[in-house]
Amino acid sequence: MTTPASNKRPRVGSADNTTSPTSILDPITPTILQKVEQLKNLYQKATPYPHAVIENFCVDGFLENILNELKHNSKVKFKETDLFRVYQSIDLGNLKDGSELAANMPNLMKLKNAIYSPQYRSFIENIAGLEAGSLTDEVDCAANCHTKGCHLLCHDDVIGTRKVSYIIYLTDAEPEWKDIDGGRLELYEAIAEGDRFVPGALPVKTVLPAFNSMAYFVVEPGVSFHSVQEVFCDRPRLSIQGWYHTKEAPSQIENATLQRLKSTGNGENTEGMFHPMTNEAATADETKEGNGAESEPTLSSEDSMFLGEYINKAYLTEESLKEVRTRFEDESSVKLRHFLNDEWSSKIKAAFTRQDKEDKVGENNPSLDYHVGIDEKWKAVGPAHKQRFLQYQEGSGSALSAKKASSEDVVDVGEYLDHLKQNLFQSSEFGRWIGWLSCLGFPLGYRGKIRRFRPGLDYTVAHYGILTTNAVLDTTLCFCGGEGNQCSFDEETNELIGSDDDAIWESGDVGGFECYIEAVDDDGGAEAEYDEEDDTQLLSVSASFNTLSLVYRDPGTMKFVKYVGSGAPSSRWDIAVEYTVKTDDEHLLPTTDEVD
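Residues numbered from 1 in each chain as written. Predicted model: local features only at pLDDT ≥ 70, side-chain atom pairs only at ≥ 80, totals over all residues. Heavy atoms only, no water.

1. Here we look at the nonpolar core
Membership of the largest hydrophobic core comes to 51 residues, with the highest contact counts inside it found for Phe339, Leu340, Ile348, Leu424, Phe430, Trp433 and Tyr579. Here this core takes six residues from helix 11 (residues 413-425), the largest share from any one element. Not counting chain neighbours up to four residues away, the residues in contact with Leu424 comprise Phe306, Leu307, Tyr310, Ile311, Leu340, His419 and Phe430. Counting 47 residues, the second largest nonpolar core, distinct from the first, contains Leu63, Ile90, Tyr166 and Tyr216. (Core = buried A, V, L, I, M, F, W, Y, C linked by side-chain atoms within 4.5 Å. Buried < 20%, exposed > 50% of the residue type's maximum accessible area, 1.4 Å probe, protein only. Helix = DSSP H or I, 4+ residues; strand = E, 2+ residues; numbered from the N terminus. Contact = heavy atoms within 4.5 Å.)

Rendered as structure tokens:
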């Protein structure tokens, strides 16, 4: 009878086991298996949490053979969600010995069998400080390809019984992969937030995806926060990425990023409190029940004069008010292009163009500095598993006087946007105007932000903390490179026709669009929340210069701004305000409509 002690697998490289690796470990460089104490040391001392990189992981020539097999025998499937953009290839867990595909990729099969063998699992347990015999023989890995523009946003990898995460890099050996190529593994510090930990807004350490190296770390809720930086170069970032499993899920799994994204508990809301709106100087008719929503849309001469200081006067005529109102009633959303008058739009465009040029971002000019654009006025906002963008600290700049606004003085674009938010979006006149346009009446309250989404860095993610208890009217004024014109679509060439920058934004290829999706309860993982082909997507609003979007959002709808790629023509700047409104149950969210 075997004793319980003898059921444990031997710990490769431990003091009482100095045997050479068996033939199943032939793909792995033999000297690595003798570096247990060195790797364990590096792993335990690493920050922001334990991790390590094994260099020269496979014997010479072996990964080159795998690369050749993958290129000739595998197919890739493009997948994009709010969290990632990637080409997924072979699922090695489903690649069985004896199959035709396995026969065509003998070296890939040898690697899979080696890294999931009892001997190598014992090695991983040892260098990661895990209990002997804790890792199961479950195979969970796949070949992934990140091409230019692909990325994976911050998460902790905690799903089910995952215990150790690893990545074997198959990037080009020559020329050597460099920082400017992107695709780095990004690690985040865990910051205390109440009774749990969340990732900071910015990575604190990165790992270059060097050919023939293996990065690994233990998967832990609220600790193992990481992401994959966008690939900036034209070369593919190939890798075999996977996990080792244990028999049981980790403790405190409720603190995993996937659970946090699906939680509406205390601390999950990233949007802030609503402030009441006062309908000042309203006429007696306008303050009746419905706040004017039931009457014909008209503007007083005082309101028209005030709004005309900012808004394109085409949107202040009775005819346009009726047209926009009709479209909003039909669609529950509308886009108003060329929204601000020429004086305001030209000043703002000059200011953000100057800022992007100074920061050297956009137009395939990626910044390797996560702190670019951050100063006392613009602060990075996290936590990174939910969002990252720069938020203007309202009131941090000097008041924008009429003289300063019209002079040649250099004005921070944030000062212009702050002035518009404080003086236009929070005004009674604007409240009455959107109340008429939306048929929802004068807003009950508001909350809002001034945001900058830097190319190659920033985004928001759909999460349940965004959900509101009552319906809101999302009112977003967007600024970005381009003219803000609607592009047409050429069915013969399958291309958008318009200015280059407008077409780039409208294509969605560089992100920056705001997407509305239905909150669905399922167990499909974070990626199940949004897929460009699934039916939970209700509406997508592309970034467009000087364009105001009005969207009625009910309590069951989430939204996110898709990661802005480094190839975007500029940063996406916006004033994003939510208004609480009196509602009924008849509003839905079909496709957006437009008024030019």
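2. Details of the packing of aromatic side chains
A full pass over the atoms with the stated rule returns 21 aromatic pairs. Measuring from ring centre to ring centre gives 5.3 Å for Tyr120 and Phe123, while their planes differ by 40 degrees; the resulting arrangement is tilted. Of the two residues, Tyr120 and Phe123 are both situated in helix 5 (residues 118-127); the distance of three residues between them amounts to about one turn of the helix. Accessibility assignment for this pair places Tyr120 and Phe123 in one class, buried. By the ring-pair criterion, three or more aromatic residues cluster together here, those being Phe352, Trp378, Tyr392, Phe479, Phe545 and Trp573. The ring of Phe389 carries Arg451 above its face, with NZ or CZ at 5.8 Å from the centroid. (Phe/Tyr/Trp six-rings, centres within 6.5 Å; stacked < 30°, edge-to-face > 60°. Lys NZ or Arg CZ within 6 Å of the ring centre and 35° of its normal.)

3. So, the environment of Val461
Structurally, Val461 is set in the loop between strand 19 (459-460) and strand 20 (472-479). Residue class for Val461 comes out buried when judged on its relative accessible area of 1%. For the pair Val461 and Leu83, spaced 378 residues apart in sequence, the C-alpha separation works out to 6.8 Å.

4. A short note on the packing of helix 1 (residues 36-45) against helix 5
One way to put it is that helix 1 packs onto helix 5 with a least axis distance of 8 Å and a crossing angle of 50 degrees. Here helix 1 is positioned oblique relative to helix 5, judged by the angle of their axes. Facing Val36, Leu39, Lys40 and Tyr43 of helix 1, the residues of helix 5 in contact are Phe123, Asn126 and Ile127. Residue composition of the contact of helix 1 with helix 5, grouped by class: five nonpolar, one polar and one charged. (Axes fitted to C-alpha atoms, helices over the stretch in contact; angles between N-to-C directions. Parallel < 35°, antiparallel > 145°, perpendicular 65-115°, else oblique. Nonpolar A, V, L, I, M, F, W, Y, C, P; charged D, E, K, R; others polar.)

5. Some words on empty space enclosed by the protein
Counted under the stated rule, the structure contains six cavities of 30 Å³ or more. For the largest cavity, the calculated volume is near 180 Å³. Every residue lining the largest cavity is counted, 19 residues in all, and those nearest its centre are Glu271, Lys449, Arg451, Lys559 and Glu578. Elements supplying a minimum of two residues to the lining of the largest cavity: strand 17 (387-392), strand 18 (445-453), strand 26 (557-561) and strand 27 (572-580). (1 Å grid on protein atoms, 1.4 Å probe; cavity = no way out; pocket = protein on both sides within 12 Å on 5 of 7 lines; lining within 4 Å. Points joined across faces, edges and corners; volume = space filled by probe spheres on them.)

6. A look at the sheet that holds strand 26
Overall, antiparallel pairing links the three strands, which are arranged 24-23-26 in an open sheet. Looking at which strands have only one partner, the edges of the open sheet turn out to be strand 24 (537-541) and strand 26. Geometrically, the sheet is characterised by an average inter-axis angle of 20 degrees between neighbouring strands, direction not taken into account. Relative to strand 26, strand 23 (residues 514-518) is paired through five bridges, and the arrangement is antiparallel. Note that in strand 26 the partner of Glu518 across the bridge is Thr557. (Pairing = 2+ DSSP bridges.)

7. A look at helix 12 (residues 428-438)
Across the 11 residues that make up helix 12, a large majority, 11, are buried. Taken residue by residue, helix 12 has Ser428, Glu429, Phe430, Gly431, Arg432, Trp433, Ile434, Gly435, Trp436, Leu437 and Ser438 as its buried positions. With its phi angle positive at about 65 degrees, Cys439 sits one or two positions after the end of helix 12.

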